[in-house]
Amino acid sequence: NSLIQNNFSGIYNSECTNIGTLYVTNTTIRDSLEGPGIYNECGHVVLDRVTISGNYNYDNEGGGIRSIGKLDMTNVTIFGNGSDFSGGGIALLAGSESYDDSIFTNVTIANNEAPDNGGIYFQGFYSSVEMHNTLIANNSGDQCTRGLGDGVAISPFSTNNLATDDSCSETPDNNFAETADAKLATSLTDNGGEAPIGSGGLGGNVLTLALLEGSPAIGSGDNEFCPVTDERDGSRPFGTTCDIGAFEARFASANPTTPGSAAAAGTLANTGQNIALFAGLAVVIIGSGLAIGRVTLTKTY
């Protein structure tokens, strides 16, 4: 439940003995000035319900994340990061043969920038990743790029992924569909969350990137790998099939309103926001009289 912001770089994991693991949960890492949000030198990093945004790496590949080890992510949003080299969102670089494939499950990588590849950059034999229900969209240049070195960048065991070009479909069996428009929100929004972050909870909820009405990511995931909640801790799937990406869309009618928009502000089912437990006295004006009673609101999705 942490907020890490406005540093020269974010988290540096230097566990090079292949023993320890760094876990980051329900956290925002943002606005690093001269380095990536996370630099995993050669260890194992596990991210769960994390947003990495607004970080910039001037010196190397990987604006949001630069990883030379094993990187496992579930319900993670990588948004608006940048690099002067490749991999504005993520750079997965040559690691050690002792590491298994990295695993991305319900991850959103969007609106990141770099000169030739704003999405995810692979380099080296041991930089493969298995992806499930992952959305790579609207990044500058190619969404996926393979650098020098041999090996498979995206595992053939991957399932039900979506990108806004064909660069991630380097092999016909890595299960990446292509769409011209992923219908994503253009900015991060407070769409609710499991717990407020930062000192005293003053950082609000972890911001997420909503799927808009008609997004091809809605209902297109693989239920076998679907987490029980999304990045906001809202239940998955909403309906019969899991959505692709970190955000599980919720629409209360056949003509839903975009989550987080002003028109949807009065409809909690549309915004997808959760409500913290609240109990108190309510005063209700009925005609010319007053009625006083106790109202309890419980967590709702």
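For the structure itself, look to the data block above.
Quick summary incoming for the structure in this document. (Residues numbered from 1 in each chain as written. Predicted model: local features only at pLDDT ≥ 70, side-chain atom pairs only at ≥ 80, totals over all residues. Heavy atoms only, no water.)

### Some remarks on a negative patch on the surface
Alright, step 1. Residues D116, D142, D166 and E178 make up a contiguous surface patch of negative charge.
Alright, step 2. Following the sequence through the fold, E178 ends up in strand β17 (residues 176-178).
Alright, step 3. Residue classification places E178 among the exposed positions, given a relative accessible area of 53%. (Patch = residues over 30% accessible without salt bridge, like charges linked within 9 Å, V, L, I, M, F, W, Y side chains within 5 Å. Areas by Shrake-Rupley, 256 points an atom, 1.4 Å probe, with all protein chains shown as cover. Salt bridge = Lys/Arg side-chain N within 4 Å of Asp/Glu carboxyl O. Lys, Arg positive; Asp, Glu negative; His and termini not counted. Charge placed at Lys NZ, Arg CZ, Asp CG, Glu CD. Helix = DSSP H or I, 4+ residues; strand = E, 2+ residues; numbered from the N terminus. Buried < 20%, exposed > 50% of the residue type's maximum accessible area, 1.4 Å probe, protein only.)

### Brief notes about the packing of aromatic side chains
Alright, step 1. Inspection of the entire model under this criterion finds two aromatic pairs.
Alright, step 2. With a centroid separation of 5.3 Å and 35° between ring planes, the pair formed by Y12 and Y39 is classed as tilted. One end of the pair, Y12, is in strand β2 (residues 11-13); the other, Y39, is in strand β4 (residues 38-40), with 27 residues separating them in the sequence.
Alright, step 3. Look at Y12 and you get partly exposed, because its relative accessible area is 47%.
Alright, step 4. The ring of F247 carries R232 above its face, with NZ or CZ at 4.0 Å from the centroid. (Phe/Tyr/Trp six-rings, centres within 6.5 Å; stacked < 30°, edge-to-face > 60°. Lys NZ or Arg CZ within 6 Å of the ring centre and 35° of its normal.)

### Examining the sheet that holds strand β12 (residues 120-122)
Strand pairing in a sheet takes place through backbone hydrogen bonds and is either antiparallel or parallel in direction.
Alright, step 1. Across the sheet, which stays open at both edges, the six strands sit in the order β2-β4-β7-β10-β12-β15 with parallel pairing between neighbours. Sheet topology places β2 and β15 (144-146) at the edges, where each strand pairs with a single neighbour. For this sheet the average axis-to-axis angle between neighbouring strands, irrespective of direction, equals 10°.
Alright, step 2. Where strand β7 (residues 65-67) and strand β10 (residues 90-92) come together, three bridges link them in parallel fashion. Counted as the bridge partner of S67 is L92 from β10. (Pairing = 2+ DSSP bridges. Axes fitted to C-alpha atoms, helices over the stretch in contact; angles between N-to-C directions.)

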